[in-house]
Amino acid sequence: MKNQLGFLLKVFLLSAVISLLIKYAGPFLFIPATSINALIIVLLPTVMMAIALLWRFQTHKQS
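Each value, and the rule that gives it
- Residues numbered from 1 in each chain as written.
- Predicted model: local features only at pLDDT ≥ 70, side-chain atom pairs only at ≥ 80, totals over all residues.
- Heavy atoms only, no water.
- Helix = DSSP H or I, 4+ residues; strand = E, 2+ residues; numbered from the N terminus.
- Rg over C-alpha atoms; globule rule 2.2 N^0.38 Å.
- Buried < 20%, exposed > 50% of the residue type's maximum accessible area, 1.4 Å probe, protein only.
- Areas by Shrake-Rupley, 256 points an atom, 1.4 Å probe, with all protein chains shown as cover.
- Expected span 1.5 Å × (residues − 1).
- Bend = angle between axes of the 7 residues up to and from the residue.
- Patch = residues over 30% accessible without salt bridge, like charges linked within 9 Å, V, L, I, M, F, W, Y side chains within 5 Å.
- Salt bridge = Lys/Arg side-chain N within 4 Å of Asp/Glu carboxyl O.

Caption draft 1: View of the overall build of the protein chain. In terms of regular secondary structure, the protein chain is built from 2 helices and 0 strands. In summary, the protein chain has a C-alpha radius of gyration of 17 Å against a globular reference of 11 Å for 63 residues, an excess of more than 25%. Counting only C-alpha atoms and orienting by the principal axes, one finds that the protein chain spans roughly 45 × 30 × 10 Å. Counting every position in the protein chain, which comprises 63 residues, the buried fraction comes to 0%. About 6400 Å² of surface is accessible on the protein chain, with carbon and sulfur atoms providing 78% of the total.

Caption draft 2: Local environment of helix α2 (residues 35-62). Here α2 contains 28 residues, and its C-alpha end-to-end distance of 40 Å stays within 8% of the 40 Å for a straight helix at 1.5 Å per residue. Its maximal kink placed at L43, α2 deviates by approximately 40°, while the proline P45 follows within four residues.

Caption draft 3: Spotlight on a nonpolar patch on the surface. Taken together, the side chains of I36, L39, I40, V42, L43, L44, V47, M48 and I51 present a nonpolar region at the surface, about 860 Å² in accessible area. By the secondary structure assignment, I51 is in helix α2.

Caption draft 4: Representation of the environment of F7. Positionally, F7 belongs in helix α1 (residues 2-25). F7 sits 28 residues away from S35 along the chain, and the two C-alpha atoms are 36 Å apart.

Caption draft 5: Spatial organisation of the environment of K2. Mapped onto the elements of the fold, K2 is located in helix α1. Between the C-alpha atoms of K2 and L14, which are 12 residues apart in sequence, the distance is 18 Å.

Caption draft 6: Spatial organisation of α1. For α1, built from 24 residues, the straight-helix expectation of 34 Å at 1.5 Å per residue is met to within 8% by its first-to-last C-alpha distance of 34 Å. Within α1, only 0 of the 24 residues are buried, which leaves the element largely exposed.

This is the structure in structure tokens:
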């Protein structure tokens, strides 16, 4: 139970930090509002997760 609570606390703190970075540091980044940038921002997390899962599958398959 303590391990799960620690994990939830870490996830909560990480999302709070990311939220604060987006809120306060985000406006200082100059990212033009184009359709290509929107596609990159929307699809990048999915592509990164797919690569990570594929990599994990390949290492699990070899062992």
